[in-house]
Amino acid sequence: QVQLVESGGGLVQAGGSLRLSCSASGRTFSGYAMGWFRQAPGKEREFVAAINWSGASTYSADSVKGRFIISRDNAKNTVYLQMSSLKPEDTGVYYCGKGRDSSGSSGRDSYDSWGQGTQVTVSS
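Engineer: Teacher, can you tell me more about the environment of V2 here?
Structural biologist: Tracing the chain through its elements places V2 in the segment before β1 (3–7). In this view, V2 contacts A24, S25, T28, K98 and S113; residues no more than four positions away in its chain are not counted.

Spelled out as structure tokens, the structure:
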């Protein structure tokens, strides 16, 4: 089973940037889609962005389009989320997930392994 570890979260002012990383152990990382989700206090975990196995296709939620970019480096077993123009409503715990297949999806059920999460706090 793949183990996922997120890092890069922190406190940032509105308008700032952060880059999250998700490092995966195991040899199966490169064959699967990866995704980022986030959960704000009192809210459901929601889709942020996904990337297919090769990195050729990416998907993002409307709320982050044009501000967040997902990418991956299969040689390093790492997926990234570059976040720019951050807003207070981006605050939450960010989780990366390993997809059940290679294509990528916005549905939580399409992911079968999760990291422990990293906190992102955007102050106004």
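Back to the write-up after that little detour.
Engineer: Just checking my understanding: could you explain the sheet that holds strand β7 (residues 68–73) for this structure?
Structural biologist: The strands making up a sheet associate through backbone hydrogen bonding, with each pair oriented either parallel or antiparallel. If you trace the four strands from one edge of the open sheet to the other, you get β1-β3-β8-β7, paired in antiparallel fashion. This sheet does not close on itself; its edge strands, each paired only once, are β1 and β7. On average, adjacent strands in this sheet sit at an angle of 15 degrees to one another, irrespective of strand direction. As paired strands, β1 and strand β3 (residues 18–25) are joined by five bridges and run antiparallel to one another. By the bridge assignment for β3, Q3 is matched with S25.

Engineer: Quick question: what am I supposed to make of the pattern of salt bridges here?
Structural biologist: Pairing between side chains of opposite charge can happen when the charged atoms of each approach one another. If you walk through the whole model with that rule in mind, you get five salt bridges. If you follow the salt bridges from partner to partner, you end up with R38, E46, R67 and D90 in one network.

Engineer: Looking at this structure, I do not really get the state of the cysteines. What am I missing?
Structural biologist: Think of a disulfide as a covalent bridge from one cysteine sulfur atom to another cysteine sulfur atom. A complete count under the given rule lists one disulfide for this structure. At a sulfur-sulfur separation of 1.9 Å, the disulfide partner of C22 is C96. In this structure, the disulfide formed by C22 and C96 twists by about 40 degrees around the S-S bond and is classed as right-handed. Of the two residues, C22 is situated in strand β3 and C96 in strand β9 (residues 92–99); the sequence distance between them amounts to 74 residues. The exposure class of C22 is buried, given its relative accessible area of 0%. By relative accessible area, which is 0% here, C96 ends up buried.

Engineer: How do you make sense of the nonpolar core when you look at a structure like this?
Structural biologist: Counting 29 residues, the largest nonpolar core has W36, V48, F68, V79, L81, M83 and Y94 as its most contacted members. Listing elements by their share of this core, those giving two or more residues are β3, β4 (34–39), β5 (46–51), β7, β8 (78–83), β9 and β11 (118–123). The element best represented in this core is β5, accounting for five residues. In contact with V48, other than residues within four places in its own chain, are W36, F37, R38, Y59, S60, A61, V64, F68, L81 and Y94.

Engineer: Teacher, can you tell me more about unusual backbone geometry here?
Structural biologist: As a rule of thumb, non-glycine residues mostly have phi less than zero, and peptide bonds are mostly trans rather than cis. The phi dihedral of N77 is positive, around 55 degrees, even though this residue is not glycine. With respect to the element layout, N77 can be found in the loop between β7 and β8. One non-glycine residue, S85, lies in the positive phi region at around 50 degrees. One can find S85 in the loop between β8 and β9. S85 sits in the partly exposed class, given a relative accessible area of 42%.

Each value, and the rule that gives it
Residues numbered from 1 in each chain as written. Predicted model: local features only at pLDDT ≥ 70, side-chain atom pairs only at ≥ 80, totals over all residues. Heavy atoms only, no water. Helix = DSSP H or I, 4+ residues; strand = E, 2+ residues; numbered from the N terminus. Contact = heavy atoms within 4.5 Å. Pairing = 2+ DSSP bridges. Axes fitted to C-alpha atoms, helices over the stretch in contact; angles between N-to-C directions. Salt bridge = Lys/Arg side-chain N within 4 Å of Asp/Glu carboxyl O. Disulfide = S-S within 2.5 Å. Buried < 20%, exposed > 50% of the residue type's maximum accessible area, 1.4 Å probe, protein only. Core = buried A, V, L, I, M, F, W, Y, C linked by side-chain atoms within 4.5 Å.

Any functional reading would require information beyond the geometric quantities listed.
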